[in-house]
Amino acid sequence: MKNSQAWFSNTDCKYYPCHDLEEMNCLFCFCPLYWFADCGGNYSLTKQEVKDCSGCLRPHKIVGYDEILDEISKRIRRRSTGEGADQEQQPETGH
């Protein structure tokens with residue numbers, strides 16, 4: 001796929017490819033939905049209760065860009081209309 005505002009493949013990255021995909025979108029190398037407890041992705045928790053998203057391909061798939069933007073838009077609309085607050089995961093403290 002050609003690089004665009006919705007797709008970027010960083011083949012020069014020292015971690016590329018970080019997932020076993022034929023075509024990988026690196027635009028959301030760090031998923032913007034990570035901090036949501038109910039992110040919709042395929043993740044597990046470490047012993048320290050930190051998300052391990054290495055099994056999640058959602059942000060790297062061709063449709064991932066649109067899915068993630070749609071999800072962010074839905075969450076913003078819900079908050080702005082007072083339909084409830086999303087539970088957010090606290091940032092890792094390193095302890």
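Scroll up a little and you will see the structure.
Note that the structure is predicted; figures quoted are calculated from it, not measured.

A. Region of the structure containing a nonpolar patch on the surface. On the surface, Met-1, Ile-62 and Val-63 cluster together into a nonpolar patch covering about 290 Å² of accessible area. Relative to the elements of secondary structure, Ile-62 occurs in the loop between β2 (51-52) and α1 (64-80). For Ile-62, a relative accessible area of 46% translates into the label partly exposed.

B. Focus on the side chain of Asn-25. Within the secondary structure, Asn-25 is located in the segment before β1 (44-45). Using a relative accessible area of 0% as the deciding quantity, one classes Asn-25 as buried. Among the polar contacts listed, one links the side chain of Asn-25 to the backbone oxygen of Ala-6, at a separation of 2.9 Å. Aside from chain neighbours lying at most four places away, what touches Asn-25 is Ala-6, Trp-7, Phe-8, Pro-59, His-60, Lys-61 and Tyr-65.

C. Quick peek at the nonpolar core. Counting eight residues, the largest nonpolar core is built from Ala-6, Phe-28, Cys-31, Leu-33, Phe-36, Cys-39, Tyr-65 and Ile-68. With residues near it in sequence (within four places) discarded, Ile-68 still touches Phe-28, Cys-31, Pro-32, Leu-33 and Pro-59.

D. Geometry of the side chain of Glu-71. Mapped onto the elements, Glu-71 comes out in helix α1. Ignoring sequence-local partners within four residues, the contact set of Glu-71 consists of Leu-33 and Arg-58.

E. Main features of α1. Compared with the 24 Å implied by 1.5 Å per residue over 17 residues, the 24 Å span of α1 between its first and last C-alpha is a close match. When we look at burial in α1, the residues that qualify are Gly-64, Tyr-65, Ile-68, Glu-71 and Arg-75. Looking straight down α1, one finds its buried side chains confined to an arc of 140°; they lie on one side. Where α1 ends, the next residue or the one after it, Gly-82, has phi of about 75°, a positive value.

F. Here's a closer look at the packing of aromatic side chains. Overall, the coordinates contain three aromatic pairs when judged by the stated rule. Judged by centre distance (5.9 Å) and plane angle (10°), the ring pair of Phe-28 and Tyr-65 falls under stacked. Remark: Tyr-65 occurs in helix α1 and Phe-28 occurs in the segment before β1; sequence separation between them is 37 residues. Overall, the relative accessible area of 13% leaves Phe-28 in the buried class. For Tyr-65, a relative accessible area of 16% translates into the label buried. Ring pairing ties together the aromatic residues Phe-30, Tyr-34 and Trp-35, which thus form one cluster. Across from the ring centre of Tyr-43, 4.5 Å away, lies the NZ or CZ of Lys-51, which sits over that ring. Residue placement shows Arg-75 over the ring face of Phe-36; its charged tip is 4.0 Å from the ring centre.

About the thresholds
Think of each chain on its own: its residues are numbered from 1, step by step along the sequence as written. The predicted origin of the model limits local features to residues at a pLDDT of at least 70 and limits the giving and counting of side-chain atom pairs to 80 or more, whereas totals for whole chains, interfaces and linings rest on all residues. The side-chain figures draw on all heavy atoms in the structure; neither hydrogens nor water molecules are used. Exposure above 30% relative accessible area and the absence of a salt bridge qualify a residue for a patch, where like charges join within 9 Å and nonpolar side chains (Val, Leu, Ile, Met, Phe, Trp, Tyr) within 5 Å. Here the open area of atoms and residues is found with the Shrake-Rupley method and a 1.4 Å probe, where only the protein chains shown may cover a residue. For this analysis, a salt bridge means a side-chain nitrogen from Lys or Arg found within 4 Å of a carboxyl oxygen belonging to Asp or Glu. In DSSP terms, a helix is any run of H or I states spanning at least four residues, a strand is any run of E spanning at least two, and both are numbered starting from the N terminus. To sort residues, take the accessible area from a 1.4 Å probe on protein chains only and compare it with the maximum for the residue type: under 20% means buried, over 50% means exposed, and anything in between is partly exposed. Any pair of nitrogen or oxygen atoms within 3.5 Å is treated as a polar contact; in protein, a donor-acceptor pairing is required on top of that, and neighbouring residues in sequence qualify only through side-chain atoms on both sides. Contacts between residues were defined by any pair of non-hydrogen atoms, one from each residue, lying within 4.5 Å. Only buried Ala, Val, Leu, Ile, Met, Phe, Trp, Tyr and Cys residues count toward a nonpolar core, and they belong to the same one when joined by side-chain atoms within 4.5 Å. Here the expected span of a helix is defined as 1.5 Å times the quantity of residues minus one. Note that the arc is defined by the directions from the helix axis to the C-beta atoms. Between rings of Phe, Tyr and Trp, where Trp is taken as its six-membered ring, a pair exists when centres lie within 6.5 Å; planes separated by under 30 degrees are stacked, by over 60 edge-to-face, and by other angles tilted. By the criterion adopted, a ring carries a charge over it if an Arg CZ or a Lys NZ lies within 6 Å of its centre and within 35 degrees of its normal.

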